[in-house]
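The lines below spell out each chain.
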Amino acid sequence: MANDKRKKGCPNEQCEMHVKKVKQKASINFCPICGTKLIYVCAKCFTEIEDIDDKHRVCKLCEAEAVEKRKKRVDGAKKVAGKAGKGVAGAVVPVAAGIVHAVVQKGQKDAVKKGVKVVEDVAKAALKK
């Protein structure tokens, strides 16, 4: 059985728990300070949400913001990959030579692994586009 990760909050606007936006576990039913019955609140912004199911944790506004942020990141990555893809063909040989030289030096093994991963990621992104 999965744990209920929803959050509850006090709806009483004069209560200290509401003012400080303290989130309680879903298993708690009443406010420990004022005794008011707790309501389900958004895990991000503390606004009231519906009791749909155990997986419903955020309000529609926060969910829309998350989708918009994700879309911006994807679009930004595509732009960077497109710009980098143009220069990848000429830059692969010098980068590969630098990577081979770095492998010889023991102290730079971690940097080489990260460099190879970056080059591979850029190449993959360029090939996808």
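My aim in this report is to walk through the structure given alongside it, one point at a time. (Residues numbered from 1 in each chain as written. Predicted model: local features only at pLDDT ≥ 70, side-chain atom pairs only at ≥ 80, totals over all residues. Heavy atoms only, no water.)

**Quick notes on the environment of Val122**
Logical step 1: Among the structural elements, Val122 can be located in helix H3 (residues 109-128).
Logical step 2: According to the relative accessible area criterion, Val122 is partly exposed, its value standing at 27%.
Logical step 3: Separated by 42 residues in sequence, Val122 and Val80 place their C-alpha atoms 8.7 Å apart. (Helix = DSSP H or I, 4+ residues; strand = E, 2+ residues; numbered from the N terminus. Buried < 20%, exposed > 50% of the residue type's maximum accessible area, 1.4 Å probe, protein only.)

**Side note on the nonpolar core**
Logical step 1: Counting six residues, the largest nonpolar core is built from Ala26, Tyr40, Cys42, Ile49, Cys59 and Cys62.
Logical step 2: Contact partners of Tyr40, with chain neighbours within four places excluded, come to Asp4, Arg6, Lys7, Lys8, Ala26, Thr47, Glu48, Ile49 and Asp51.
Logical step 3: Residues Cys10, Cys15, Met17 and Leu38 belong to the second largest nonpolar core, which totals five residues. (Core = buried A, V, L, I, M, F, W, Y, C linked by side-chain atoms within 4.5 Å. Contact = heavy atoms within 4.5 Å.)

**Concerning a positive patch on the surface**
Logical step 1: Together, Lys5, Lys44, Arg57, Lys69, Arg70 and Arg73 make up a positively charged patch on the protein surface.
Logical step 2: Its location among the elements puts Arg73 in helix H2 (residues 60-104).
Logical step 3: A residue is classified by how much of its surface remains accessible, and Arg73, at 57% relative accessible area, is exposed. (Patch = residues over 30% accessible without salt bridge, like charges linked within 9 Å, V, L, I, M, F, W, Y side chains within 5 Å. Areas by Shrake-Rupley, 256 points an atom, 1.4 Å probe, with all protein chains shown as cover. Salt bridge = Lys/Arg side-chain N within 4 Å of Asp/Glu carboxyl O. Lys, Arg positive; Asp, Glu negative; His and termini not counted. Charge placed at Lys NZ, Arg CZ, Asp CG, Glu CD.)

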